[in-house]
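Understanding the architecture of this molecule
This is what each chain is made of:
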Amino acid sequence: MKKSESREYGMSRRQFLAAAAGAAVVVVEAAGQQATPAELRLINGSIHTMDSKNTIARAVVIRNGRFVSVGQTAPAAAPGSRTIDLGGRTVVPGIIDAHNHFVNLGNRPGYHTVIENATSIAEIQKMLAARRPTVPADECITAMGGWHPNQFIERRLPNRSELDGAVSDRSVFLLQAFNGPSSTNSLGKKFFESEPNPVMVSDDGTIAGGLPSTTALYKLRLRQTLQDKMRSTQDAWAYSASLGLTAHLDQVGLATAAPLAPNQALAAFDHFRMYDAWRELYRQGRASIRLQTNFLHNQNDKALPELRERLRNQFPLFGSDMFMTGGIGESAAPGDGTGEVWLEAQRLVAQARWRNENHALSLAALENEIAGYEKVHAEFNIADLRWVISHIPFATPPLLERLKALGCGAQLTGWRYLQGTAQNNGSPFKMVLESGIRAGMHSDSVHISPLNPWFHIYYAVTGVNALGQLINGGQQISRQDALRLYTRENGWFLRMEDRLGTIEPGRLADLAVLSDDYLKVTDEQIKSIKSVLTVVDGKIVHDAGVLK
């Protein structure tokens, strides 16, 4: 069994500044990333620029990581250029996920397999079997979060026999959400029941939710090395690019220090070291997906020592267009708008002039947080800081008007797609758009919802959940509006609206060529849309091989 690497992956302040600023980078082509021509020309497409006029162009030219020409025709090819005929395919700006936990996907132990697109146990078996040839004999195939039994025809997890039928000579571990329940195969059962920290596994391979499942996760985490996390991070990038997702605003993991004892929240990890793999790959010049990192704080201590040190010693919005720090989020302190500690945390963030984000999971939380923002605004004026409330499953027009008056934004999500009911169905997409507030859209993946943006867009457009039930009727929005929230509007939430979210001359060259015409396919077909060609920073980072 592999042992964890014992050395620390720290770096000096000078090294950090160099890495974050993008200095002294070793140029290495990222996995799946093609050599970059002097000029990339895409012609004969239906290019939805998402500019202020919703212009649809036919040709775009990219040079030095920027769009240099967008129009109905392309200028003459420059020496060393590459031309790709799109054959009429739909092109959209690179999709931006403005609130998720994407880095966790790379930090998951084992050889992770994405099953969030599966609709049956048979499909899960095929996905696990396809993963098997790349997995060493002593490693575990994992699938953690982003899915729910509601999306499978059987409405349950695969059992031990079914997992053995897919993979019998490698251990398999499927973890639902943060802390289970879980399911494993025969080899996995043997591993998890072993010392130290043995886990009870039922005869059918089920591991109960809560402590048993998180202990199983902990046993796998103990085996991880930095190299493992770098490999998994590159896998996460490849999956992101295959969906047309080119930029993420990460909201950190659970704020629990590591190493963790078996009786603690074992699904968490060290939130101070969670970006080590990404940072090392970036230092090597291998980053292929954009990342902005918020800083989550969860100390229920009125002195707020960790938050105070963060605000004193960290640079907000610092780095390169590929990898930079963000603001505070998705919380500065526990409380969801209530208590002295929560309010004091918001005061500190405002006083330091940082961007700030909190989530609201109920109407009461939204009202409390807006009231707290108003108190802080009266003292420090936050109108230009772009504070945000995310998720917003419930709202009222007066509350949205109060939030808009503060210069704040609203981040909406389709995460109720998997488990939502008519009583818990948010977000109220139509109401929020009609309010005129700054709004964007996010997945809140990768634990409780899919990373795949097309599921969230489907939910915003139809109001239909994974069980096929209409649960968000009256709040549907148009396909064009949903795409706009995930592209043009999300640039504002990253403070990059002058660089990302549209296809216009001078902007950073991120785009996705779609497998299907987004505006013409049936509602159900929206969920199956993928990218056949994804470009980030002017480089092709995903190519399904269907274009020439």
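Just above, that's the structure.
Reading the values: the criteria
Residues numbered from 1 in each chain as written. Predicted model: local features only at pLDDT ≥ 70, side-chain atom pairs only at ≥ 80, totals over all residues. Heavy atoms only, no water. Helix = DSSP H or I, 4+ residues; strand = E, 2+ residues; numbered from the N terminus. Rg over C-alpha atoms; globule rule 2.2 N^0.38 Å. Buried < 20%, exposed > 50% of the residue type's maximum accessible area, 1.4 Å probe, protein only. Contact = heavy atoms within 4.5 Å. Lys, Arg positive; Asp, Glu negative; His and termini not counted. Charge placed at Lys NZ, Arg CZ, Asp CG, Glu CD. Expected span 1.5 Å × (residues − 1). Arc of directions from axis to C-beta. Pairing = 2+ DSSP bridges. Axes fitted to C-alpha atoms, helices over the stretch in contact; angles between N-to-C directions. Salt bridge = Lys/Arg side-chain N within 4 Å of Asp/Glu carboxyl O. Right-handed = clockwise from strand over helix to strand, strands pointing away. Parallel < 35°, antiparallel > 145°, perpendicular 65-115°, else oblique. Nonpolar A, V, L, I, M, F, W, Y, C, P; charged D, E, K, R; others polar. Phe/Tyr/Trp six-rings, centres within 6.5 Å; stacked < 30°, edge-to-face > 60°. Lys NZ or Arg CZ within 6 Å of the ring centre and 35° of its normal.

1. Brief notes about the overall build of the protein chain
- Secondary structure summary: the protein chain contains 18 helices and 23 strands in total.
- Against the globule reference of 24 Å for 548 residues, the protein chain gives a C-alpha radius of gyration of 23 Å, in line with a compact fold.
- When the backbone C-alpha atoms are referred to their principal axes, the protein chain occupies close to 65 × 60 × 55 Å.
- In the protein chain, which comprises 548 residues, the proportion classed as buried is 58%.
- Considering only contacts in the protein chain between residues 6 or more positions apart, those separated by 24 or more positions represent 74%.
- When the 57 positive and 54 negative side-chain charges of the protein chain are each reduced to one mean point, those points stand 4 Å apart.

2. Points about unusual backbone geometry
- Between Gly-180 and the following residue, Pro-181, the backbone shows a cis peptide bond with an omega angle of 15 degrees.
- Residue position: Pro-181 is located in the loop between β11 (171–175) and β12 (182–184).
- In this structure, Glu-330 follows Gly-329 across a cis peptide bond, with omega equal to 5 degrees.
- Relative to the helices and strands, Glu-330 resides in the loop between β16 (323–328) and α10 (340–351).
- Backbone geometry at Leu-317 places phi at a positive 50 degrees, although glycine is not the residue there.
- Secondary-structure assignment places Leu-317 in the loop between α9 (305–313) and β16.
- Positioned with a positive phi, Asp-537 is a non-glycine residue whose angle comes to about 55 degrees.
- For Asp-537, the position within the fold is in the loop between β22 (531–536) and β23 (539–543).
- On the accessibility criterion, Asp-537 (21% relative accessible area) is partly exposed.

3. Regarding helix α11 (residues 363–380)
- Over its 18 residues, α11 extends 25 Å from the first C-alpha to the last, a length consistent with the 26 Å expected when each residue adds 1.5 Å.
- Ala-365, Leu-366, Glu-369, Ile-370, Gly-372, Tyr-373, Val-376 and Phe-380 are the residues of α11 that are buried. In a view along the axis of α11, the buried residues occupy a sector of 165 degrees, so they form one face of it. Summarising the geometry of α11, the exposed residues directed more than 90 degrees from the buried face are Lys-375 and Ala-378.
- One or two positions beyond α11, positive phi appears at Asn-381, with a value near 60 degrees.

4. Notes on the sheet that holds strand β1 (residues 39–43)
- Spatially, β5-β4-β1-β6 is the arrangement adopted by the four strands of the open sheet, whose pairing is mixed. Only two strands of the sheet have a single partner each, and these edge strands are β5 (66–71) and β6 (81–85). Mean inter-strand twist for the sheet, computed between neighbouring axes without regard to direction, equals 15 degrees.

5. Observations regarding the pattern of salt bridges
- Summed over all chains, the structure comprises 31 salt bridges.
- Between Glu-379 and Arg-347 there is a salt bridge, with the nearest N and O atoms lying 2.6 Å from each other. Remark: Arg-347 occurs in helix α10 and Glu-379 occurs in helix α11; sequence separation between them is 32 residues.
- Assessed through its relative accessible area of 45%, Glu-379 is described here as partly exposed.
- Each of Arg-290, Asp-510, Asp-537 and Lys-539 takes part in salt bridges that share partners, so that together they form one network.

6. Some thoughts on the sheet that holds strand β18 (residues 388–391)
- One open sheet accounts for four strands, arranged β17-β18-β19-β20; its pairing is parallel. At either end of the open sheet lies a strand with only one pairing partner, and these are β17 (357–360) and β20 (438–442). Taken over all neighbouring pairs, the strand axes of this sheet differ in orientation by 25 degrees on average, direction set aside.
- In this sheet, β20 lies alongside strand β19 (residues 409–413) in parallel orientation, the contact comprising five bridges. When the bridges of β20 are listed, Gln-411 appears paired with Gly-440.

7. Comments concerning the pairing of strand β15 (residues 290–295)
- Counting buried residues in β15 gives six out of six residues, a clear majority hidden from the surface.
- Here β15 shows a buried face lined by Arg-290, Gln-292 and Asn-294 and a second buried face lined by Leu-291, Thr-293 and Phe-295.
- Pairing between β15 and β16: four bridges, direction parallel. Paired with Leu-291 across the two strands is Phe-323, which belongs to β16.
- With α9 bridging β15 and its parallel neighbour β16, the resulting β-α-β unit is right-handed.

8. With respect to helix α6 (residues 211–221)
- Counting buried residues along α6, nine of its 11 residues qualify, which places the element largely inside the surrounding structure.
- Burial in α6 covers these residues: Ser-213, Thr-214, Thr-215, Ala-216, Leu-217, Tyr-218, Lys-219, Leu-220 and Arg-221.
- Among the structural elements, α2 (103–107), β10 (140–144), β11, β12, α5 (186–192) and β13 (206–207) are those in contact with the buried residues of α6.

9. Topic: the packing of α9 against α10
- The geometry of α9 relative to α10 is characterised by a closest axis approach of 10 Å and an angle of 5 degrees between their N-to-C directions. Overall, the two elements α9 and α10 adopt an arrangement that is roughly parallel. For the pair α9 and α10, the contacting residues are Leu-307, Arg-308 and Leu-311 in the first and Glu-344, Ala-345, Leu-348 and Val-349 in the second.
- Class assignment for the residues of the contact of α9 with α10 results in five nonpolar, no polar and two charged.

10. A few points about the packing of aromatic side chains
- By the definition in use, this model includes 16 aromatic pairs.
- Residues Phe-429 and Tyr-459 carry aromatic rings whose centres are separated by 6.4 Å and whose planes lie at 75 degrees to one another, so their mutual orientation is edge-to-face. Highlighted residues: Phe-429 in helix α14 (residues 429–435) and Tyr-459 in helix α15 (residues 453–462), separated in sequence by 30 residues. The pair formed by Phe-429 and Tyr-459 is uniform in burial state, with each residue classed as buried.
- Consider the rings of Trp-492 and Phe-493, whose centres lie 4.9 Å apart with planes at 85 degrees: the pair is edge-to-face.
- Residue Trp-492 is classed as buried on the basis of its relative accessible area of 8%.
- A relative accessible area of 4% means that Phe-493 is categorised as buried.
- Within the aromatic cluster, the residues linked to one another by ring pairs are Phe-102, Trp-237, Trp-278, Tyr-282 and Phe-323.
- Note that Lys-219 overlies the ring of Phe-191, its terminal NZ or CZ placed 5.2 Å from the centroid.
- Above the plane of the ring of Phe-191 lies Arg-223, whose end atom (NZ or CZ) is 5.2 Å from the centre.

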